[in-house]
Amino acid sequence: MDRAKLRNLTPYRLSLALCVVALAGVVSTATGEGTNDVIDVGSKKQIFLDGFFLDTAEGVELTMHKPYRDGKILLQPDQPWELDPAGNEQRIGIYSCVLKEDGKVRLWYDQRRGKDDAEIRVCYAESEDGIRFTKPNLGLHEVDGSTANNVVLPGPRIAGAAVWKDPNAPAAHRYKTQTKVYPSEQLEMHSSPDGLHWELFGIPKVGHIDTQNIIFWEPGIKRYLFFTRLWALNLDTIKRYRTVRRLESDDLLTWDNEQIVLTPDEADWDIHPRVQERPAVDFYGAAVSPYDEADRAYVMLAQSTRAWMGWEEDGLGPATIDVQLAVSRDAEHFTRVGGRRPFMSLGPEGRFDSRFLWALPNPIPMGDELWIYYVGSNRDHAPSNKLDPAATEDLSGIGRAVLRLDGFVSVDGGYEGGQFTTPPIQFEGETLELNVDSAGGGAVYVEFLNQDFSPIEGFTKEDAIPIARNSVHMPVTWKNGGDVSALAGKTLRIRFHITNASLYAFQFKSND
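Quantities reported herein were computed from a predicted structural model and do not represent experimental measurements.

1. Some points on the overall build of the chain
And step 1. Of regular secondary structure, the chain possesses three helices and 34 strands.
And step 2. Computed over C-alpha atoms, the radius of gyration of the chain comes to 24 Å, within 12% of the 24 Å expected from 2.2 N^0.38 for 512 residues, which places it in the range of a compact globule.
And step 3. Principal axes of the C-alpha set define a box for the chain whose edges measure 75 × 55 × 45 Å.
And step 4. Of the contacts made within the chain by residues no fewer than 6 positions apart, 64% connect residues no fewer than 24 positions apart.
And step 5. For the chain, the accessible surface area stands at approximately 20600 Å², while carbon and sulfur atoms represent 49% of it.
And step 6. In the chain, 54 positive and 74 negative side-chain charges are present, and the distance between their average locations comes to 1 Å.

Structure, rendered in structure tokens:
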């Protein structure tokens, strides 16, 4: 099913997905009638972001998985044009971005130097392995009397980038980015044929845009989507708070259908005692991306601002920013997962990412892993930007977080085991493959059922060969082998029996 067809699902299917996500714990629903809505999964990968594929379930839970971070800085200010001759602050700003193209990781970073960020520009780096980055001498823009640098958007004060590729644009305007520009503080969109040579494309009118502004083409509705900030109670400087909004457009200049897709709720207001009439958590911005590895999957890396401790002279503490994970099946309805615990937490005291971190848009597939690049700083977001007292120096830079491929959320069964059954599906292909970790003494059995839950001969649990392995590409077999082509195009259900294991995704594949 393509993303457009998702909108034709019944409200029951959408509400079930959101309801199960909200539980963020053991899923235990009666194994009864279930739904009769048929989902065409084709041969596309399906991931378990939420309860979308849990039509009936017992003894399983949805588990959010945090990516691993080693605390190493992969890119930081170290070139003459990045360092301030007057000895003032120089740093990597949070509005940076990354794309993977032709086996190369391309990075556009927000480079700032001088007192009060007197100079803000966008620079470019690239890497063959995603770890060792080079800053090429592009010779495009002058800094300190020389063009020997990697500057691609000179400013003088252009607040970062969020580069994306527009599939509808002619080659000369294929790459685009949008950001706030000083001193006008208006949103400007630039376009480029190669991501290096940029020109002004237009000035979209969308109101407040003081964050990293994310745009991409959504084929399901054949419109562009825009995710940015909206202040609630904006005129009240004491009570106002940040939310994430979504807009749509046909031409990238005129935007409509504005709606709030993430906002602090009662739990965010009440997690700590209130010292002012504002929530303890709000959202400085959000990196929203289609997860192109799978069907019907969008991830939001929400930059969560923590401000609830009372300080007399320096605003509300602890003035830190971490990352929460929200998920969606339609890029419109987002739900936070993992019990709202940070998906990416602050680093240990003294490390470069100990006070805030900012996840860059577009997690990058690298073999059997996803790499999420992020900007970290050991200064907080209070008005004075206080340095972590455990730090020996002022640090900012870009690091890397590593997650299992498809590894945002899994369906887990414990030691006593559990099972869930999908809604009716139809598929294309000849074999079934899982992303599964059952190598810790666990096992997963897969059986096929008719739409009325009756077993299909040859594909019952008793016929299934137990999976006790850890692989992102694990074939499923039964006593008669792994060929499922006889069932392709028919309406059926899959029942997964999970003991001491985690299931991340499934996909029907052709042997071609």
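2. Observations regarding the sheet that holds strand 8 (residues 104–113)
Pairing between the strands of a sheet is mediated by backbone hydrogen bonds and can be parallel or antiparallel.
And step 1. Reading across from one edge, 7-8-9-10 is the order of the four strands in this open sheet, with antiparallel pairing throughout. Of all the strands in the sheet, just strand 7 (90–101) and strand 10 (151–153) have a single pairing partner and so form its edges. When the angles between neighbouring strand axes are averaged without regard to direction, this sheet yields 35°.
And step 2. As paired strands, strand 7 and strand 8 are joined by nine bridges and run antiparallel to one another. Each bridged residue has a counterpart across the sheet, and for Cys97 the counterpart in strand 8 is Trp108.

3. With respect to the state of the cysteines
And step 1. Taken as a whole and assessed by the stated rule, the structure comprises zero disulfides.
And step 2. Distance from the sulfur of Cys123, which forms no disulfide, to the nearest cysteine sulfur (Cys97) is 12 Å.

About the criteria used
- Residues numbered from 1 in each chain as written.
- Predicted model: local features only at pLDDT ≥ 70, side-chain atom pairs only at ≥ 80, totals over all residues.
- Heavy atoms only, no water.
- Helix = DSSP H or I, 4+ residues; strand = E, 2+ residues; numbered from the N terminus.
- Rg over C-alpha atoms; globule rule 2.2 N^0.38 Å.
- Contact = heavy atoms within 4.5 Å.
- Areas by Shrake-Rupley, 256 points an atom, 1.4 Å probe, with all protein chains shown as cover.
- Lys, Arg positive; Asp, Glu negative; His and termini not counted.
- Charge placed at Lys NZ, Arg CZ, Asp CG, Glu CD.
- Pairing = 2+ DSSP bridges.
- Axes fitted to C-alpha atoms, helices over the stretch in contact; angles between N-to-C directions.
- Disulfide = S-S within 2.5 Å.

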